[in-house]
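# Architecture and fold: a report
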Amino acid sequence: MLYKYKMAGSIRTAVVGASGYAGAELLRLAAGHPDLDVAYLAAGTRAGEQVGSLYPSLEPAYPATTMESFDPDHVAGFDLVFFAMPHGAAMELVPEVLPKVGRVVDLSADFRLTDPAAYPRWYGEPHTHPELLAEAVLGIPEIYRDKIKEARLVAAAGCYVTAAALGLAPLVRSGIIERRGVIVDAASGISGAGGSPSATTHFSSANENFCAYGLLTHRHTPEIEQASGAQVLFTPHLAPMTRGILATCYARPRSGETTESVLGALRDTYAGEQFVRVCDDSPSTKSTFASNSALLSARVDARTGWVIVLSALDNLVKGAAGQAIQCANITLGLDEESGLSAVGVYP
């Protein structure tokens, strides 16, 4: 049975992990949402601080609002709880919170994978509540919309997974490309690493630099494979920009495909989708800045026999907070576009 709500505009919402970049982006988007009432904010080490002190840009929407240490009892009876915490944290909290609230949308990887055995291999530790993996739905609305509608627990897909899967899944499912031997090269802005600085994300390290990391073992590989249906060699890169994902995917066609036929297949798949657009030109991250849009394009190289699919999005919006809100809208029975914009910021 779907959870019922008292009236529009009174969906009591909590954001757990409000002090991180994804949490802050959730607060920004929720401030413009006609139905979400953000009534509880929780943080870890920044508990006790006011939102406006940490993020002055949010102060007009959350004046004198203080983040608290998380107490599961404080969200009992809430309609919606977002978890925007590092991997491993939500895994322990969601089982306690889920029976007490209407819906949970988790932005971490804790409930994305359907196979419990994948967690020790890719994340180095077993899943402590594998019984919830069968209930959780991977949150990419354009691929899993029907399942999201009925879900109480949505595991919003991350930026790399979303960018790759949106480009590859339609071509795999229609038999246009081979399922094996797919290559995904993707570059991310530094905000994808979170707000805590490290040796690789400090300005002096990241500025004027471009590097690959997680070679052969990156933890989002199984998520890309699960969502796309392809065997993937995934290589992520860190780019000297704040926001954005650009994924370049290479696959072998199964038959005599052309650029026009592949673009046509993508256009057919995403016809009518507000937040996914198929372009003739190569997409750029700047074109998606601060929007919930994903831009796709493709080419077929007859000389080498490769299909190339390109995907660009904002890692903090369509790759994190915007996608989480889009999923929440669906599972709450709201207008899917509420609080979200396909229009980016430029320059």
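All of these numbers come straight from a predicted model, not from anything done at the bench. Once a new chain begins, its residue numbering starts again from 1 and follows that chain's sequence as written. Local features in this predicted model are restricted to residues whose pLDDT is 70 or higher, and side-chain atom pairs enter the listing and the counts only when it is 80 or higher, whereas totals over whole chains, interfaces and linings include all residues. Computation of side-chain values: all heavy atoms of the structure, hydrogens and water removed.

A separate point is the nonpolar core. Take the buried Ala, Val, Leu, Ile, Met, Phe, Trp, Tyr and Cys residues and link them wherever side-chain atoms come within 4.5 Å; each set so joined is a nonpolar core. Any residue under 20% of the maximum accessible area for its type is buried, any over 50% is exposed, and the rest in between are partly exposed; the area is computed with a 1.4 Å probe on protein chains only. Counting 84 residues, the largest nonpolar core has Leu26, Leu27, Phe82 and Ile140 as the members making the most contacts within it. Per-element accounting of this core gives the leading share, 11 residues, to helix H6 (residues 159-173). Core analysis: the next-biggest nonpolar cluster, separate from the first, contains 26 residues, Val94, Leu113, Trp122 and Leu132 among them. The numbering of helices and of strands both runs from the N terminus, where a helix is a DSSP run of H or I of at least 4 residues and a strand a run of E of at least 2.

Right, let's talk about the pattern of salt bridges for a bit. When a carboxyl oxygen of Asp or Glu lies within 4 Å of a side-chain nitrogen of Lys or Arg, that pair is called a salt bridge. Within the structure shown, the criterion is met by 13 salt bridges. As a salt-bridge pair, Arg145 and Glu273 come within 2.9 Å of each other at their nearest N and O atoms. Placement of the pair is Arg145 in helix H5 (residues 141-149) and Glu273 in the loop between helix H9 (259-270) and strand S11 (276-278), with a sequence separation of 128 residues. Note that Arg243 and Asp314 form a salt bridge whose closest N and O atoms lie 3.1 Å from each other.

To continue, consider the sheet that holds strand S5 (residues 137-139). Criterion used throughout: strands pair if DSSP finds at least two bridges between them. In space, the six strands of this open sheet follow the order S2-S1-S3-S4-S6-S5, with parallel pairing throughout. Across the chains shown, the open sheet's two edge strands, defined by having one partner strand only, are strand S2 (36-42) and S5. Averaged over neighbouring strand pairs, the angle between their axes works out to 25° when direction is ignored. For strand S3 (residues 80-83) and strand S4 (residues 103-106), the ladder comprises four bridges, and the chain directions are parallel. To obtain each axis, a line is fitted to C-alpha atoms, and for helices this fit is confined to the stretch in contact; angles are then taken between N-to-C directions over 0 to 180 degrees.

Here H5 has its buried residues at Pro141, Glu142, Ile143, Tyr144 and Ile148. Projected down its long axis, H5 carries its buried residues within an arc of 165°, all on one side. What the arc covers is the set of directions going from the helix axis to the C-beta atoms.

For the pair H5 and helix H10 (residues 317-332), interaxial distance at closest approach is 9 Å and the crossing angle is 35°. The way H5 lies across H10 gives a crossing that is right-handed. Residues Pro141, Glu142, Arg145, Ile148 and Lys149 of H5 touch H10, and the partners they reach there are Lys318, Gln323, Gln326, Cys327, Ile330 and Thr331. Looking at the contact of H5 with H10, its residues break down into four nonpolar, three polar and four charged. Should the near helix be turned anticlockwise from the far one by less than a right angle, the crossing is termed left-handed; should it be turned clockwise, right-handed. In this description, contact between two residues means that some pair of their heavy atoms is separated by no more than 4.5 Å. Polar here means any residue outside two lists: the nonpolar Ala, Val, Leu, Ile, Met, Phe, Trp, Tyr, Cys and Pro, and the charged Asp, Glu, Lys and Arg; Gly therefore counts as polar.

Further remarks concern H10. Every helix has an expected span of 1.5 Å times one less than the residues it contains. Under the 1.5 Å per step criterion, the end-to-end length of H10 is only 19 Å for 16 residues, more than 12% shorter than the ideal 22 Å. Most of H10 is tucked away: 16 of the 16 residues are buried.

With respect to the secondary-structure elements, Val75 resides in the loop between helix H2 (51-54) and S3. Between the C-alpha atom of Val75 and that of Gly264, which follows or precedes it by 189 residues, the distance is 46 Å.

By convention, a stacked pair of Phe, Tyr or Trp rings (six-membered ring in the case of Trp) has centres within 6.5 Å and planes under 30 degrees apart, an edge-to-face pair has planes over 60 apart, and any other such pair is tilted. Applying the stated rule across the entire model yields four aromatic pairs. Aromatic pair Tyr40 and Phe70: ring centres 6.4 Å apart, planes at 55°, arrangement tilted. With Tyr40 in strand S2 and Phe70 in the loop between H2 and S3, the pair connects residues that are 30 residues apart, well separated along the chain. Measuring from ring centre to ring centre gives 5.1 Å for Tyr160 and Phe234, while their planes differ by 70°; the resulting arrangement is edge-to-face.

To count toward a patch, a residue needs a relative accessible area over 30% and no salt bridge; like charges are then connected within 9 Å, while nonpolar side chains (Val, Leu, Ile, Met, Phe, Trp, Tyr) are connected within 5 Å. Accessible areas in this description were obtained via Shrake-Rupley with a 1.4 Å probe; residue shielding takes into account the shown protein chains only. Neither His nor the chain ends is counted toward charge; the positive residues are Lys and Arg and the negative residues Asp and Glu. A single reference atom marks each charge: NZ on Lys, CZ on Arg, CG on Asp, CD on Glu. Positive charge collects at one region of the surface, where Lys147, Arg173, Arg179 and Arg254 lie side by side. Looking at the secondary structure, you find Arg254 in the loop between strand S10 (245-251) and H9.

Along the chain, Ser291 falls in the loop between S11 and strand S12 (294-301). A distance of 3.1 Å separates a polar side-chain atom of Ser291 from the backbone nitrogen of Ser293. Those residues in contact with Ser291 that sit more than four places away from it in its chain are Asp314, Val317, Lys318, Ser341, Ala342, Val343 and Gly344. Side-chain atoms alone can form a polar contact between residues adjacent in sequence; in general such a contact is a pair of N or O atoms within 3.5 Å, and within protein one must be able to donate a hydrogen while the other accepts it.

If you trace the seven strands from one edge of the open sheet to the other, you get S8-S9-S7-S10-S13-S12-S11, paired in mixed fashion. Edge positions in the sheet fall to strand S8 (211-212) and S11, since each has one partner strand and no second. Note: S10 against strand S13 (residues 306-313), seven bridges, orientation antiparallel. By the bridge assignment, Ala247 is partnered in S13 with Ser311.

This part covers the state of the cysteines. Note on terminology: pairs of cysteine sulfur atoms within 2.5 Å are recorded as disulfides. Within the structure shown, the criterion is met by zero disulfides. Not part of a disulfide, Cys211 finds its nearest cysteine sulfur in Cys159, a span of 15 Å. Lacking any disulfide linkage, Cys249 is separated from the closest cysteine sulfur, that of Cys159, by 13 Å.

Note on placement: Thr331 falls in helix H10. Within the structure, Thr331 has its side chain in polar contact with the backbone oxygen of Ile148 (distance 3.4 Å).

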